[in-house]
Amino acid sequence: MTPGPPLGAEMSAEVSRSLAAGTMSGFGLNTPDCRQAYDELTAQGVDFIQPPSDRPYGVEAIMRDNSGNWMVLVEKKDFTQADFDAPPS
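Along every chain, residues carry numbers that run from 1 in the direction the sequence is written. Residue-level local features of this predicted model are given only where pLDDT is at least 70; pairs of side-chain atoms are given and counted only at 80 or more, and the full residue set underlies all totals for whole chains, interfaces and linings. Based on all heavy atoms of the structure, the side-chain values leave hydrogens and waters out of the count.

Focus: the overall build of the chain
Quick note on the threshold: For helices the rule is a DSSP run of H or I covering at least 4 residues; for strands it is a run of E covering at least 2, with both sets numbered from the N terminus onward. Exposure categories follow from relative accessible area, calculated using a 1.4 Å probe and restricted to protein chains: below 20% of the type maximum is buried, above 50% is exposed, and the middle band is partly exposed. Here a residue-residue contact requires only that any non-hydrogen atoms of the pair lie within 4.5 Å.
Assigned secondary structure in the chain consists of 3 helices and 4 strands. The buried share among the 89 residues of the chain stands at 26%. Counting contacts in the chain only where the partners sit at least 6 residues apart, residues at least 24 apart contribute 33% of the total.

So, the sheet that holds strand β1 (residues 27-30)
Applicable threshold: We call two strands paired when DSSP finds no fewer than two bridges between them. Note on method: axes are straight lines fitted to C-alpha atoms, helices fitted across the in-contact stretch only, with angles between N-to-C directions ranging 0 to 180 degrees.
Taken in spatial order, the 4 strands line up as β1-β4-β3-β2 in an open sheet, and their pairing is mixed. Each edge of the open sheet carries a strand with a single partner, namely β1 and β2 (48-55). When strand polarity is set aside, the average angle formed by the axes of neighbouring strands in this sheet is 20 degrees. Sheet topology note: the β1/strand β4 (residues 70-76) ladder contains 4 bridges and is parallel. Paired with Phe 27 across the strands is Met 71, a residue of β4. Relative to the sheet, helix α2 (residues 34-43) contacts β2, β3 (58-64) and β4, its axis offset from that of β2 by approximately 170 degrees.

Quick word on the pairing of β3
For β3, a buried count of 6 out of 7 residues is recorded, marking the element as mostly surrounded by other parts of the structure. Hairpin connection from β2 to β3: 2 residues lie between these consecutive antiparallel strands.

A word on the confidence of the model for the chain
Caution applies to low-pLDDT regions: their predicted coordinates should not be interpreted in detail. We count it as follows: The pLDDT score gives, residue by residue, the confidence of the prediction method on a 0 to 100 scale.
When pLDDT is averaged along the chain, the result is 82; 83% of the residues meet or exceed 70. Predicted confidence in the chain is weakest over helix α3 (residues 81-85), with a mean pLDDT of 71, and strongest over α2, with 96.

A few points about the environment of Glu 14
Our working rule: Whenever two N or O atoms come within 3.5 Å, that pair is a polar contact, provided that in protein one can donate a hydrogen and the other can accept it, and provided that, for residues adjacent in sequence, both atoms are side-chain atoms.
Relative to the assigned elements, Glu 14 resides in helix α1 (residues 9-21). Note: C-alpha distance between Glu 14 and Pro 3 (11 residues apart in sequence) is 9.0 Å. At 2.8 Å, the side chain of Glu 14 forms a polar contact with the side chain of Arg 17.

Right, dumping it as C-alpha cells:
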C-alpha cells in the first residue's frame, strides 16, 4: 500500500508509520474486475462486509478473513486529487 488519496496527509502519515512498524492489519488486492471477483468469491463462501462500490479511485469490495483482518479488493482506475475534492453527485 502506498498511503495517499483518498487519505489526508495526517492519516497517510499514520498509515506509513503503521506499515513501517508492521502493525497494519489489512491489505488490498488488485483485480481487473472487482464485481466478477466478488461474485466468484461469494459463490465460494467468502463473506464480504461491503459489496463492490464505486469510488473515485476505482471499484472496491471489503471482506474479512477468519482472524478479523480486513482485505480490500480494488479494481483501479486513473484518478486525480480533484476526484476526491469534488462534492458527491
